[in-house]
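Descriptive structure summary
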Amino acid sequence: GTSNRIADTSDNQSGIFSLASTNSLLGNRVSNSFNGMLFKAGGIGRGDSHGKVCESAAKLARIEGNTFHGNGRFGTYSLGFNYPKMTDQSIQTDGHNIDK
């Protein structure tokens, strides 16, 4: 299990699960999961970043060459507002959103 109650339910078990898709996902293979890859946006960060990030306002990273087969539901599934956007999130801001 994880510290994420959404990812650990039988409805959303996934080969790849991400709260904010800011990491590149290249050339992964997932089979026989309930969902292949599930993105869930909408949080405000965890730990030291709590209240300093907006997962719905995070940039989408490079996602290509991934293969999903034999899954119970979806290969790639997204909940929330995951779409390409411009933000002020950068290395200079320590990954945080300054202009919320």
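Now for a description of the structure that goes with this document. None of these values were measured; they are calculated from a predicted model. (Residues numbered from 1 in each chain as written. Predicted model: local features only at pLDDT ≥ 70, side-chain atom pairs only at ≥ 80, totals over all residues. Heavy atoms only, no water.)

1. Describing the pattern of salt bridges
Overall, the coordinates contain 1 salt bridge when judged by the stated rule. A salt bridge links Glu64 to Arg62, with the nearest nitrogen and oxygen atoms 3.1 Å apart. Judged by its relative accessible area of 43%, Glu64 is partly exposed. (Salt bridge = Lys/Arg side-chain N within 4 Å of Asp/Glu carboxyl O. Buried < 20%, exposed > 50% of the residue type's maximum accessible area, 1.4 Å probe, protein only.)

2. With respect to the sheet that holds strand 1 (residues 14-18)
What the 3 strands build is an open sheet, ordered 1-4-7; its pairing is parallel. Every other strand in the sheet has two partners, leaving strand 1 and strand 7 (76-79) as the edge strands with one partner each. Put simply, the sheet's adjacent strands are angled 15° from each other on average, direction ignored. Pairing of strand 1 with strand 4 (residues 35-40) involves 4 bridges; the strand directions are parallel. Bridge pairing in strand 4 places Ser14 opposite Asn35. (Pairing = 2+ DSSP bridges. Helix = DSSP H or I, 4+ residues; strand = E, 2+ residues; numbered from the N terminus. Axes fitted to C-alpha atoms, helices over the stretch in contact; angles between N-to-C directions.)

3. Side note on the side chain of Asn71
For Asn71, the location among the structural elements is in the loop between strand 6 (67-69) and strand 7. A polar side-chain atom of Asn71 sits 3.1 Å from the main-chain amide nitrogen of Ser33. (Polar contact = N/O pair within 3.5 Å; in protein donor to acceptor, adjacent residues only side chain to side chain.)

4. Overview of the environment of His96
As for its placement among the helices and strands, His96 is situated in the segment after strand 7. Beyond its immediate sequence surroundings of up to four residues, His96 is in contact with Ser49, Lys52, Val53, Asp88, Gln89 and Ser90. (Contact = heavy atoms within 4.5 Å.)

5. Here's the deal with the nonpolar core
Residues Ile16, Leu25, Val30, Met37, Phe39 and Phe68 constitute the largest nonpolar core, which totals 6 residues. In contact with Ile16, other than residues within four places in its own chain, are Leu25, Asn28, Val30, Gly36, Met37, Leu38 and Phe68. (Core = buried A, V, L, I, M, F, W, Y, C linked by side-chain atoms within 4.5 Å.)

6. Quick notes on the packing of aromatic side chains
Under the defined criterion, the tally for this structure stands at 1 aromatic pair. Between Phe74 and Tyr77, the ring centres sit 4.3 Å apart and the planes meet at 5°, which makes this aromatic pair stacked. Residue class for Tyr77 comes out partly exposed when judged on its relative accessible area of 24%. (Phe/Tyr/Trp six-rings, centres within 6.5 Å; stacked < 30°, edge-to-face > 60°.)

In short, geometric facts, not functional conclusions.
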